[in-house]
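# Tertiary structure, described
Given next are the chains, with one letter for each unit.
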Amino acid sequence: MSWQKELSNKGYRVSEPRRLVMGLLAESAQPMTPLEIYQELSQSGQNLGMASVYRALELLAELGLVCVVYNPDGSSGYVAGSVGHHHHILCKKCHRTITFAGSEDLSDLIRRVEAETKFRVSDHLLQLYGICPDCQKILADILEEN
Ligand SMILES: [Zn+2]
Ligand SMILES: [Zn+2]
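Presented here is a report on the structure given in the accompanying data block. This is a predicted model, so every value here is computed, not measured.

## Digging into the overall build of the protein chain
Across its full length, the protein chain carries 6 helices and 5 strands. Element order for the protein chain, N to C, with α for helix and β for strand: α-α-α-α-β-β-β-β-α-β-α. On the principal axes, the C-alpha backbone points of the protein chain span a range of 55 × 50 × 25 Å. Residues classed as buried in the protein chain amount to 29% of the 146 residues present. A fraction of 47% describes how many contacts in the protein chain between residues 6 or more apart in sequence connect residues 24 or more apart. Of the roughly 9,700 Å² that the protein chain leaves accessible, carbon and sulfur atoms contribute 52%. Charge centroids of the protein chain, computed over 14 positive and 18 negative side chains, lie 6 Å from each other.

Right, here's the structure in full:
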């Protein structure tokens, strides 16, 4: 389902700020901060205030249409989301982020953590880091030259 459809199904308008923010994130391979989104939009001649960027992101995140991911330095950014249980893998070199289906089985881990902590586990946050194929190639080329 398209994000436009998802929005209207949930009773929200495809407003200009939502369309601009979502369009930008859908095109971006790397996570973007609210400030980067704001700057990118101003550079392309769109007059969208910082508060509108935040409001659009807040709603899109609530609906799962955008997700927060974490860079290796701990800073966070937004990427376009995906329906269903999924996670992200982020390249430590270029920060390119790819979505993958969340088919992992954490039941052993969750049982152990519940037993150890007496918590009732309700949810999880999982993100993988690695080196993407392009950056692997660049690194291999550098090694070859030396
Ligand atoms: Zn990379
Ligand atoms: Zn998962």
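## Focus: the coordination of the zinc ion (ligand 1)
For a metal with four tetrahedral donors the ideal donor-metal-donor angle is 109.5 degrees, whereas six octahedral donors ideally subtend 90 or 180 degrees. The protein atoms that coordinate the zinc ion (ligand 1) are Cys 91 (SG), Cys 94 (SG), Cys 132 (SG) and Cys 135 (SG), at distances spanning 2.3 Å. Note that the zinc ion (ligand 1) binds 4 donor atoms; their angles at the metal cover 105 to 113°, and the shape is tetrahedral. Motif for the zinc ion (ligand 1), donor spacing along one chain: C-x2-C-x37-C-x2-C. Highlighted residues: Cys 91 in strand β3 (residues 86–91) and Cys 135 in helix α6 (residues 133–145), separated in sequence by 44 residues.

Rules of the game
- Residues numbered from 1 in each chain as written.
- Chains lettered and ligands numbered in written order.
- Predicted model: local features only at pLDDT ≥ 70, side-chain atom pairs only at ≥ 80, totals over all residues.
- Heavy atoms only, no water.
- Helix = DSSP H or I, 4+ residues; strand = E, 2+ residues; numbered from the N terminus.
- Buried < 20%, exposed > 50% of the residue type's maximum accessible area, 1.4 Å probe, protein only.
- Contact = heavy atoms within 4.5 Å.
- Areas by Shrake-Rupley, 256 points an atom, 1.4 Å probe, with all protein chains shown as cover.
- Lys, Arg positive; Asp, Glu negative; His and termini not counted.
- Charge placed at Lys NZ, Arg CZ, Asp CG, Glu CD.
- Donors = N, O, S within 2.8 Å, 3.2 Å for Na, K, Ca; no water.
- Tetrahedral: all angles 85-135°; square planar, octahedral: opposite > 155°, others 65-115°.

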